Amino acid sequence: MHELGLCESVLNAVEKRAAGRRVTALRVKIGVLHRVSREAFDAAFTVLSTGSVAQGAAVDYVVSPVRVRCRSCDVVVGADDLLAACLTCGAAELDSEGGDEVLLESLELEGATKTDSSGLPS
Ligand SMILES: [Zn+2]
């Protein structure tokens, strides 16, 4: 299950950024080429986040497309797969980028509003 490995790298990034604070929600961006199953990712997340700062956090997914640029007509399209030929002119010389990233887009931390410490005794 390759979601496990992806989830592991996401969690590593989460833990680094959270620096010990509790994470309540996070958003990940996953390239469409990874063909991630959300069910599998959710299952992996539940297992891997247990006991970590991200345990029980809500996970939001953004799937990013592959950007394909035609060298012949210069058209750029967002696709959900690598293309064999340009959809506009049929040329086979295409450059593609993206679609394979795994990024931690944002994090919500518990008590994030309490970052200003006035030093008052509680
Ligand atoms: Zn073209």
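Criteria and thresholds
Residues numbered from 1 in each chain as written. Predicted model: local features only at pLDDT ≥ 70, side-chain atom pairs only at ≥ 80, totals over all residues. Pairing = 2+ DSSP bridges. Helix = DSSP H or I, 4+ residues; strand = E, 2+ residues; numbered from the N terminus. Axes fitted to C-alpha atoms, helices over the stretch in contact; angles between N-to-C directions. Contact = placed C-beta atoms within 7 Å. Core = buried A, V, L, I, M, F, W, Y, C linked by C-beta atoms within 7 Å. Buried ≥ 20, exposed ≤ 12 C-beta atoms within 10 Å, placed from the backbone.

A. Seen up close, the sheet that holds strand 2 (residues 58-64). In space, the 3 strands of this open sheet follow the order 2-1-6, with mixed pairing throughout. Lying at the two open borders of the sheet, with one neighbouring strand each, are strand 2 and strand 6 (102-109). Neighbouring strand axes in the sheet, compared pairwise and without regard to direction, differ in orientation by 15 degrees on average. Bridge analysis of strand 1 (residues 23-31) against strand 2 gives 7 bridges, and the strand direction is parallel. Paired with L26 across the bridge in strand 2 is V59. Lying on the sheet, helix 1 (residues 3-18) is in contact with strand 1 and strand 6; it crosses strand 6 at an angle near 45 degrees.

B. Representation of the nonpolar core. L6, C7, V10, V14, L26, F41 and A54 are the most contacted members of the largest nonpolar core, which has 15 residues in total. Broken down by secondary-structure element, the contributors of at least two residues to this core are helix 1, strand 1 and helix 2 (38-49). For this core, the element with the most residues is helix 1, which contributes 5 residues. Not counting the four nearest positions on each side in its chain, V14 is found in contact with V23, L26, A54, L104 and L107.

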